[in-house]
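# Architecture at a glance
Here is how the chains run, residue by residue.
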Amino acid sequence: MSYVDEVIELVVKQNPAEPEFHQAVKEVLESLRAVVEANEEKYRKEALLERLVNPERQIKFRVPWVDDKGQVQVNTGYRVQFNSAIGPYKGGLRLHPSVNLGIIKFLGFEQIFKNSLTAAAIGGGKGGSDFDPKGKSDREVMAFCQSFMTELCKYIGADTDVPAGDIGTGAREIGYMFGQYKRIRGVYEGVLTGKGLSYGGSLARTEATGYGLLYLTEEMLKCNGKEIAGKTVCISGSGNVAIYAAQKAEQLGAKVVTVSDSTGWVYDPEGIDVALLKEVKEVKRARLTEYAANRPSAQYHEGRGVWTIPCDVALPCATQNELLLDDAKALVENGCIAVAEGANMPTTLEATEYLQKNGILFAPGKAANAGGVATSALEMSQNSERLSWTFEEVDSKLKNIMVNIFHNMDDAAKRYGAEGNYVVGANIAGFEKVVDAMTAQGIV
Ligand code: NDP
Ligand code: 2IT
């Protein structure tokens with residue numbers, strides 16, 4: 001059996017109840033086949049792939065907190081410190097009831113290659129909890145965040161591990177966590193990114209993932225003789241990534257016609273009103289029914305369905321496995337030309353394969369959504385030099401990074417005879433730097 005297949009089998013056997021982790025490992029290792037085969041003897045001897053798929057450390061802890069009724073609640077916290085070959089662990093904290101160890105491991109594994117692609121000196125990690133911030137008062141959220149950080153603060157630091165936001169963790173949660181870290185550790189340092197502007201945050205970090213997604217999509221279209229202006233775009237999700245993806249798409253002359261949340265979706269043929277969407281989601285923390293109620297051109301539908309609307313470009317920006325084989329078929333049928341992942345692993349393996357086989361340009365999340373973590377690295381740089389750069393400065397660095405990521409994955413795909421396969425290209429380009437650093441540092 002080939003080394004790649006052996007390690008995939010091992011991962012499934014050793015981590016039985018973690019399907020999302022299996023999926024992420026399969027996607028990466030399958031697409032590294034050519035590189036691994038060229039170095040099989042050496043990699044096997046050094047157990048390189050076994051080391052790559054085993055986190056350096058995984059931390060699981062109790063998070064007790066008191067709700068507004070005086071009832072004690074207990075959640076589970078996680079931090080998976082996956083790989084520090086190229087820098088301190090870096091990756092977000094997800095707060096969602098679906099969080100378990102397998103979810104955090106899939107996200108942490110993806111993060112290794114994504115962070116490598118950004119060219120910043122950051123390793124891969126991820127964390128979070130099964131706590132659901134939805135419907136909680138600010139005081140309850142604060143109580144949870146303080147308890148969570150009381151334990152997490154033992155394991156993180158500006159030069160060790162730097163968490164940030166992800167699903168359910170936005171500016172409010174980062175603020176409460178930062179306050180508690182500073183209080184316990186007595187250090188004012190850039191231990192978290194995505195901070196508020198008054199206490200060390202970077203301009204353009206809020207916008208970065210969505211804007212970066214569009215910069216990469218724009219470059220991918222350009223290099224394939226197409227342009228984003230005038231295109232119809234379907235977006236899923238209506239959180240941080242989706243909102244700023246919609247904003248940048250509209251700034252670049254495209255028309256965004258859908259957004260969604262976990263209960264329903266909106267079709268707005270006149271184009272999503274981003275200011276209204278921000279008001280509904282960022283200020284009121286309300287459902288999309290509120291958007292539809294305030295926008296005569298919008299139709300609200302329960303359940304899922306954004307990929308049934310004809311579009312040129314599809315940008316899944318909600319969560320994992322939200323674009324399935326049938327959705328891929330509908331997109332192809334309706335003439336879609338490009339899919340770029342704003343979320344982490346939103347497209348299933350079968351759907352990805354179907355899209356690629358049908359000639360759709362497909363940009364995988366670890367490249368397409370890397371603008372968020374890349375700008376987090378820019379926030380770390382500003383914190384270290386105790387300076388703040390202007391919005392334009394950060395935004396132009398972000399754009400350069402995304403254009404470079406596109407070309408690096410495009411070149412890597414070409415080098416290995418897989419021209420146009422950006423999944424292969426992104427995984428190889430991300431892997432090469434990590435392997436080089438791991439090899440140089442010996443058996444650790
Ligand atoms: P938010 O919490 O801001 O928004 C998440 C959005 O996705 C919400 O609209 C939410 O709806 C929807 N959603 C979440 N879970 C589900 C689900 N199980 N089914 C249907 N809809 C769901 O998160 P972000 O925008 O930050 O993150 C979105 C994706 O982008 C995630 O995959 C994340 O890992 C990834 N990402 C985020 C980065 C960042 O910088 N924030 C960087 C790179 C990737 P509802 O409100 O109803 O739950
Ligand atoms: O998935 C991701 O890249 C993020 N949630 C952002 C991580 C970060 O450290 O900014």
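Going by the structure above, here's the rest.
What counts as what
- Residues numbered from 1 in each chain as written.
- Chains lettered and ligands numbered in written order.
- Predicted model: local features only at pLDDT ≥ 70, side-chain atom pairs only at ≥ 80, totals over all residues.
- Heavy atoms only, no water.
- Phe/Tyr/Trp six-rings, centres within 6.5 Å; stacked < 30°, edge-to-face > 60°.
- Helix = DSSP H or I, 4+ residues; strand = E, 2+ residues; numbered from the N terminus.
- Buried < 20%, exposed > 50% of the residue type's maximum accessible area, 1.4 Å probe, protein only.
- Lys NZ or Arg CZ within 6 Å of the ring centre and 35° of its normal.
- Axes fitted to C-alpha atoms, helices over the stretch in contact; angles between N-to-C directions.
- Parallel < 35°, antiparallel > 145°, perpendicular 65-115°, else oblique.
- Contact = heavy atoms within 4.5 Å.
- Nonpolar A, V, L, I, M, F, W, Y, C, P; charged D, E, K, R; others polar.
- Near = heavy atom within 4 Å.
- Polar contact = N/O pair within 3.5 Å; in protein donor to acceptor, adjacent residues only side chain to side chain.
- Areas by Shrake-Rupley, 256 points an atom, 1.4 Å probe, with all protein chains shown as cover.
- Pairing = 2+ DSSP bridges.

### Let's talk about the packing of aromatic side chains
Overall, the coordinates contain 14 aromatic pairs when judged by the stated rule. Ring centres 4.0 Å apart and planes at 5 degrees place the aromatic pair Phe-131 and Phe-144 in the stacked group. One end of the pair, Phe-131, is in the loop between strand E4 (123-129) and helix H7 (138-152); the other, Phe-144, is in helix H7, with 13 residues separating them in the sequence. Across this residue pair, the class does not change: Phe-131 and Phe-144 are buried. Centre to centre, the rings of Tyr-211 and Tyr-215 are 6.4 Å apart; their planes meet at 75 degrees, and the pair counts as edge-to-face. Here Tyr-211 and its partner Tyr-215 are both found in helix H9 (residues 205-223), four residues apart, which amounts to about one turn of the helix. The buried category is assigned to Tyr-211, whose relative accessible area is 6%. For Lys-248, the ring lying beneath its charged end belongs to Tyr-211, and the centroid distance is 4.4 Å. Above the ring of Tyr-354, the side-chain terminus of Lys-329 is found at 6.0 Å from the ring centroid.

### Structural notes on the packing of helix H10 (residues 240-251) against helix H11 (residues 274-283)
Where H10 contacts H11, the two axes come as close as 10 Å, and the packing angle between them is 170 degrees. Regarding the angle of H10 to H11, the classification is roughly antiparallel. For the pair formed by H10 and H11, the contact residues are Ile-243, Tyr-244, Ala-246, Gln-247 and Glu-250 on the first element and Val-274, Leu-277, Lys-278, Lys-281 and Glu-282 on the second. Considering only residue class, the contact of H10 with H11 consists of five nonpolar, one polar and four charged.

### Comments concerning the site of ligand 2
Lining the immediate environment of ligand 2, one finds 14 residues, of which Lys-90, Lys-114, Lys-126, Arg-205 and Ser-376 sit closest. Measuring from an oxygen atom of ligand 2, one finds a side-chain N or O atom of Ser-376 at 2.6 Å. If ligand 2 stood free it would expose 300 Å²; the protein chains cover 93% of that surface. Those elements that provide at least two residues to the shell around ligand 2 are strand E3 (89-95), helix H6 (101-117) and helix H16 (371-385). Partitioned by chemical class, the residues of the shell around ligand 2 number two nonpolar, seven polar and five charged.

### Examining the site of ligand 1
Residues in contact with ligand 1 amount to 25 residues; listed here are only the nearest, Lys-134, Asp-166, Thr-209, Ser-262 and Arg-287. Contacts to ligand 1 include Val-241, whose backbone N or O atom sits 3.0 Å from an oxygen atom. At 2.6 Å from an oxygen atom of ligand 1 is found a side-chain nitrogen or oxygen belonging to Arg-287. Look at ligand 1: alone it shows 880 Å² of surface, and the protein chains cover 82% of it. Those elements that place two or more of their residues in the shell around ligand 1 are H9 and H10.

### Focus: the sheet that holds E3
Taken together, the five strands give an open sheet; going across it, the order is E1-E2-E4-E3-E5, and neighbouring strands pair in mixed fashion. Looking at the sheet topology across the chains shown, the edges are occupied by strand E1 (57-66) and strand E5 (161-164). Adjacent strand axes in the sheet meet at a mean angle of 20 degrees when their direction is disregarded. Looking at chain direction, E1 and strand E2 (residues 72-83) are connected through 10 bridges and run antiparallel. By the bridge assignment for E2, Arg-57 is matched with Gln-81.

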